[in-house]
Amino acid sequence: MTSCRKSTVSLPNDFDVVVIRDFDAPREVVFDAWTKPEIVSRWLLGPPGWTMPVCEIDLKVGGKFRWRWRNEAGEEFGFVGEFREVVRPSRIVHTEIYDPGDVGGDMGGECLVTAVFADMSGATRQTMTIHYQSKADRDAALKTGMTDGMEQSFEKLDALLAPLL
C-alpha cells in the first residue's frame, strides 16, 4: 500500500528550505532508492512528461553526481554536485548546482543539501535541508515550483516502493 503522506515544507530562516517526508519502507530501502541510479531515474521525475536520461551517481565522499531531465518537447535542465558525507543508511550531504539548460531560470549558486533518513519502526522519515547562499537564491529556487515537483516525485517513489514491501 502506498503512503498518503505529503511533504511538510518549512523556511526556518532566510537561507534554508526544510522538506520532511515519511515513506512506508525501511530506511535501507529508501536510502537505496535515493542513491542507486537505476532506481533514482525511475521516480525522481517531477511533473508528468519528464524523463531522466542522465542519472550518474558516484556515491562516496568526493564522488560526483549528474542528473539531467528532458521533457516531451526536448527541453532539458539538470543538477551536478559532489558528495561531502555518505553514511549508509542514515545520512547524505552533497553540494548541488543548477544547470537551467533550455528551461531557463535562476536558482543562484551552489547550495548544500543534507538528507537524513530516520528509522521509524520499519518506516522512514526523510528530512532534507537545502541551504542556499542567500535569501534571493532560496526564493528563486522556490519560485520554480521545486517543492511541488519534489512531492510529485515522492508520490512516484511511494508507488515504486510499495511492491518491494
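These lines cover the structure that appears in this document, whether it is placed above or below.

Rules of the game
- Numbers given to residues run from 1 along each chain, matching the order in which its sequence is written.
- Where local features are concerned, this predicted model is filtered to residues with pLDDT of at least 70; where side-chain atom pairs are given and counted, the filter is 80 or more; whole-chain, interface and lining totals use all residues.
- Side-chain numbers come from the whole structure's heavy atoms, not from hydrogens or water.
- Put simply, a salt bridge is a Lys or Arg side-chain nitrogen that is within 4 Å of an Asp or Glu carboxyl oxygen.
- Every helix listed is a DSSP run of H or I at least four residues long, and every strand listed is a run of E at least two residues long, numbered separately from the N terminus.
- To sort residues, take the accessible area from a 1.4 Å probe on protein chains only and compare it with the maximum for the residue type: under 20% means buried, over 50% means exposed, and anything in between is partly exposed.
- Strands are treated as partners if at least two bridges between them are detected by DSSP.
- Between N-to-C directions, angles cover 0 to 180 degrees, with each direction set by a line fitted to C-alpha atoms, over the stretch in contact for helices.
- The criterion used for residue contact is that any of the two residues' heavy atoms lie within 4.5 Å.
- We define a polar contact as two N or O atoms separated by no more than 3.5 Å, with the added condition that, inside protein, one atom must be a possible hydrogen donor and the other a possible acceptor, whereas residues neighbouring each other in sequence contribute only through side-chain atom pairs.

## As for the pattern of salt bridges
Point 1. If you walk through the whole model with that rule in mind, you get 16 salt bridges.
Point 2. Arg21 serves as the salt-bridge partner of Asp158, at 2.8 Å between the closest nitrogen and oxygen. With Asp158 in helix α4 (residues 146–161) and Arg21 in strand β2 (residues 16–23), this residue pair connects regions lying 137 residues apart in the sequence. Each member of the pair, Asp158 as well as Arg21, carries the same accessibility label: buried.
Point 3. We note a salt bridge from Arg66 to Glu56, for which the minimum N-O separation is 3.4 Å.

## Here's the deal with the sheet that holds strand β3 (residues 50–57)
Point 1. A sheet is described by the order of its strands in space; here eight strands give the open sequence β1-β2-β8-β7-β6-β5-β4-β3, paired in antiparallel fashion. The outermost strands of the open sheet, each flanked by one partner alone, are β1 (8–10) and β3. With strand direction ignored, the average angle separating the axes of adjacent strands in the sheet is 20°.
Point 2. This element, α4, spans β1, β2 and β8 (123–131) of the sheet and lies at about 20° to β2.

## What about the side chain of Arg21?
Point 1. What makes Arg21 buried here is its relative accessible area of 1%.
Point 2. In this structure the side chain of Arg21 is engaged in a polar contact, spanning 3.0 Å, whose partner is the side chain of Glu151.
Point 3. Reaching out from Arg21, the side chain makes a polar contact with the side chain of Asp158 at a distance of 2.8 Å.

## Notes on unusual backbone geometry
Point 1. The peptide bond linking Arg88 to Pro89 adopts the cis configuration, its omega dihedral lying at 0°.
Point 2. For Pro89, the position within the fold is in the loop between β5 (76–87) and β6 (91–99).
Point 3. Even without being glycine, Ser121 reaches a positive phi, approximately 55°.
Point 4. For Ser121, a relative accessible area of 77% puts it in the exposed group.

These figures come from the coordinates and say nothing about function on their own.
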